[in-house]
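# Examination of the molecular architecture
Residue-level listing of the chains:
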Amino acid sequence: MENIRSRYFPYDKSIVINALYDTIEALGLHLDSSNSVRGTLVVSEARHTGSMRIALNTEGSADYIRVDIFPEDPDQDLTEKWSPIILDELSGTIQRAFQRGENG
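Residues numbered from 1 in each chain as written. Predicted model: local features only at pLDDT ≥ 70, side-chain atom pairs only at ≥ 80, totals over all residues. Heavy atoms only, no water.

Considering soluble globular proteins, one finds that nonpolar side chains tend to be buried as a cluster. Ranked by internal contacts, the top residues of the largest apolar core, which has 21 residues, are Ile54 and Leu56. Looking at this core, the elements with two or more residues in it are α1 (13-26), β3 (40-44), β4 (51-57), β5 (65-71) and α2 (77-103). Tallying contributions element by element places α2 first for this core, with six residues. In this view, Ile54 contacts Leu20, Ile24, Gly39, Thr40, Leu41, Val43, Val67, Asp68, Ile69 and Ile86; residues no more than four positions away in its chain are not counted. (Core = buried A, V, L, I, M, F, W, Y, C linked by side-chain atoms within 4.5 Å. Buried < 20%, exposed > 50% of the residue type's maximum accessible area, 1.4 Å probe, protein only. Helix = DSSP H or I, 4+ residues; strand = E, 2+ residues; numbered from the N terminus. Contact = heavy atoms within 4.5 Å.)

Below you can see the structure in the form of structure tokens.
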């Protein structure tokens, strides 16, 4: 079983982290802690049945950022369930923001 879920985004770190905050809120997840400088967030479901760490990784290229989602505790079910949803919603959040920028 894979412990990390990842996706690459061709955007600046500040764009991705701001969209990630919006995504977490839109999905009704709870932000347990964050470190914007390091680009890490710890989130949990509203029931706090577990948590996952989301890390923004810029190593290797300034042209894209990799978003990794790791289980924060031994039970990986939460990460397995939420990581594809978070990554898909994050993509949509960024796309909508750019569309508003072009149309506004």
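Additional details are given in the paragraphs that follow.
Let us look at the packing of aromatic side chains. Under the defined criterion, the tally for this structure stands at two aromatic pairs. With a centroid separation of 5.1 Å and an interplanar angle of 75 degrees, the aromatic rings of Tyr8 and Tyr64 are classed as edge-to-face. Separated by 56 residues along the polypeptide, Tyr8 in strand β1 (residues 5-9) and Tyr64 in the loop between β4 and β5 bring together distant segments of the chain. Exposure remark for Tyr64: the relative accessible area of 31% places this residue in the partly exposed category. Between Tyr11 and Phe98, the ring centres sit 5.1 Å apart and the planes meet at 25 degrees, which makes this aromatic pair stacked. Taken together, the residues span a long stretch of sequence, with Tyr11 in the loop between β1 and α1 and Phe98 in helix α2 at a distance of 87 residues. When its relative accessible area of 24% is taken as the criterion, Tyr11 is described as partly exposed. Overall, Phe98 belongs to the partly exposed group, its relative accessible area being 36%. Here the guanidinium or amino end of Arg53 rests over the ring plane of Phe70, the centre of that ring lying 4.5 Å away. (Phe/Tyr/Trp six-rings, centres within 6.5 Å; stacked < 30°, edge-to-face > 60°. Lys NZ or Arg CZ within 6 Å of the ring centre and 35° of its normal.)

For the rest of this paragraph, the subject is the pattern of salt bridges. All told, the structure shown has six salt bridges when counted by the stated rule. Measuring nitrogen to oxygen at the nearest pair gives 2.4 Å for the salt bridge that ties Glu80 to Arg5. Highlighted residues: Glu80 in helix α2 and Arg5 in strand β1, separated in sequence by 75 residues. Taking the relative accessible area as the measure of exposure, Glu80 reaches 24% and is therefore partly exposed. On the basis of relative accessibility, which here comes to 24%, the residue Arg5 falls in the partly exposed class. A salt bridge links Glu72 to Arg53; the shortest N-O distance between them is 3.4 Å. Highlighted residues: Glu72 in the loop between β5 and α2 and Arg53 in strand β4, separated in sequence by 19 residues. Glu72 sits in the partly exposed class, given a relative accessible area of 38%. (Salt bridge = Lys/Arg side-chain N within 4 Å of Asp/Glu carboxyl O.)

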